[in-house]
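The residues making up each chain are set out below.
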Amino acid sequence: GQSAGGQRPGKGKARVGVMFVRTASERDIPAIRALLVETWHHTYDPIYGVEKVTEITNEWHSIASLTARLTAPRSEFLVADDGEVLAGMAFAAADESGETVTLRQLYVLPSMQGRGVGGMLLGEVEDSFPEARRLVLEVEAANEKAIRFYVSHGFVDTGLSDDLCRHAGVSETVRRMERRRATP
């Protein structure tokens, strides 16, 4: 990916050290996979069931799949790190024009949610694509906590989509959301 444009310090609650957002590296991949598996089971087991979540995480969050994202063109792969634990991750990619960035993943460990980590990651994604006019994402409609997070960060619901998970055999309703940047 591209440079994350520096590190963004942040403070968590209750014995959490200073958190930094930085570009992910190959050495982070096993910890990122563990974070994604834990977060997906916590979030999606009640929606899809343990077996389907395991199947999805084994495919989408394999070491090979995650490693390939490190060199994806026009992308940024970030982690939130306090020096002891990777608390969150984000992956986003710009279209050919650079004007639209798709936030493909933003996940924070369940134990670290509500401490500003997701906002730090989202802010760094936006800072990493200064030419972008719009940030778009898709979110499972039943994931009300994530939808509230995105709305609180200025995203608006732009309608339904079924593109995100169709190939995984998941037939849930997915919401499209976007946030536009003011033009200078």
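Structural notes, computed from the coordinates. A quick note: this is a predicted structure, and the numbers were derived from the prediction, not measured. (Residues numbered from 1 in each chain as written. Predicted model: local features only at pLDDT ≥ 70, side-chain atom pairs only at ≥ 80, totals over all residues. Heavy atoms only, no water.)

1. Examining the overall build of the chain
Right, so step 1: Secondary structure assignment for the chain yields five helices and eight strands.
Right, so step 2: What you see in the chain, going N to C, is helices and strands ordered as β-β-α-α-α-β-β-β-α-β-α-β-β.
Right, so step 3: Every one of the 184 residues in the chain was classed for burial, and the buried ones make up 47%.
Right, so step 4: A total of about 9300 Å² of accessible surface is found on the chain, and carbon and sulfur atoms cover 51% of it. (Helix = DSSP H or I, 4+ residues; strand = E, 2+ residues; numbered from the N terminus. Buried < 20%, exposed > 50% of the residue type's maximum accessible area, 1.4 Å probe, protein only. Areas by Shrake-Rupley, 256 points an atom, 1.4 Å probe, with all protein chains shown as cover.)

2. Some words on the side chain of Glu140
Right, so step 1: With respect to the helices and strands, Glu140 occurs in strand S6 (residues 134-140).
Right, so step 2: It is Arg175 that comes nearest to the buried, bridge-free Glu140 among opposite-charge side chains, at 9.3 Å.
Right, so step 3: At a separation of 2.9 Å, a polar atom in the side chain of Glu140 contacts the side chain of Tyr48.
Right, so step 4: At a separation of 2.6 Å, a polar atom in the side chain of Glu140 contacts the main-chain amide nitrogen of Ala142. (Lys, Arg positive; Asp, Glu negative; His and termini not counted. Salt bridge = Lys/Arg side-chain N within 4 Å of Asp/Glu carboxyl O. Polar contact = N/O pair within 3.5 Å; in protein donor to acceptor, adjacent residues only side chain to side chain.)

3. Details of empty space enclosed by the protein
Right, so step 1: One pass over the full model with this rule turns up two cavities of 30 Å³ or more.
Right, so step 2: Each pocket or cavity is described by its volume, and for the largest cavity that value is around 60 Å³.
Right, so step 3: Together, Val101, Val125, Glu126, Phe129, Ala132, Arg133, Arg134, Leu135, Arg179 and Arg181 line the largest cavity.
Right, so step 4: Of all the elements in the fold, those that place two or more residues in the lining of the largest cavity are helix H4 (117-128) and S6.
Right, so step 5: Across the lining of the largest cavity, the residue classes tally to five nonpolar, no polar and five charged. (1 Å grid on protein atoms, 1.4 Å probe; cavity = no way out; pocket = protein on both sides within 12 Å on 5 of 7 lines; lining within 4 Å. Points joined across faces, edges and corners; volume = space filled by probe spheres on them. Nonpolar A, V, L, I, M, F, W, Y, C, P; charged D, E, K, R; others polar.)

4. With respect to the environment of Glu126
Right, so step 1: Residue placement: Glu126 occurs in helix H4.
Right, so step 2: Judged by relative accessible area, Glu126 falls into the partly exposed class, the value being 23%.
Right, so step 3: In the structure, Glu126 is positioned 55 residues away from Arg181 in sequence and 9.6 Å away in space, judged by C-alpha atoms.
Right, so step 4: Excluding anything up to four places from it in sequence, Glu126 contacts Arg179 and Arg181. (Contact = heavy atoms within 4.5 Å.)

5. Thoughts on the packing of helix H1 (residues 29-48) against helix H2 (residues 50-60)
Right, so step 1: For the pair H1 and H2, interaxial distance at closest approach is 8 Å and the crossing angle is 150°. By crossing handedness, the relation of H1 to H2 is classed as right-handed. Here Arg33, Val37, Trp40, His41, Tyr44, Asp45 and Tyr48 of H1 lie close against H2, whose contacting residues are Val50, Lys52, Val53, Thr54, Ile56, Thr57, Asn58 and Trp60.
Right, so step 2: Class assignment for the residues of the contact of H1 with H2 results in eight nonpolar, four polar and three charged. (Axes fitted to C-alpha atoms, helices over the stretch in contact; angles between N-to-C directions. Left-handed = near helix turned anticlockwise from the far one by under 90°.)

6. Details of the layout of surface pockets
Right, so step 1: Considered as a void within the structure, the largest pocket measures approximately 1100 Å³ in volume.
Right, so step 2: At the level of elements, H1, strand S5 (100-108), H4, S6, helix H5 (144-152) and strand S8 (174-180) are the ones that each hand at least two residues to the lining of the largest pocket.
Right, so step 3: For the lining of the largest pocket, the element with the highest residue contribution is S5, accounting for seven residues.
Right, so step 4: Classifying every residue of the lining of the largest pocket by side-chain character gives 21 nonpolar, 15 polar and twelve charged.

7. What to know about the packing of aromatic side chains
Here a ring pair, both rings aromatic, is described through the centre-centre distance and the interplanar angle of the planes.
Right, so step 1: Following the criterion strictly, the structure yields seven aromatic pairs and no others.
Right, so step 2: Summarising the aromatic geometry, the rings of Phe149 and Tyr150 are spaced 5.1 Å apart at their centres and angled 75° between planes, so their arrangement reads as edge-to-face.
Right, so step 3: Seen from their ring centres, Tyr150 and Phe155 are 5.5 Å apart, and the 70° between their planes marks the pair as edge-to-face.
Right, so step 4: A relative accessible area of 7% means that Tyr150 is categorised as buried.
Right, so step 5: The side chain of Arg69 reaches across the aromatic face of Phe91, ending 5.9 Å from its centre. (Phe/Tyr/Trp six-rings, centres within 6.5 Å; stacked < 30°, edge-to-face > 60°. Lys NZ or Arg CZ within 6 Å of the ring centre and 35° of its normal.)

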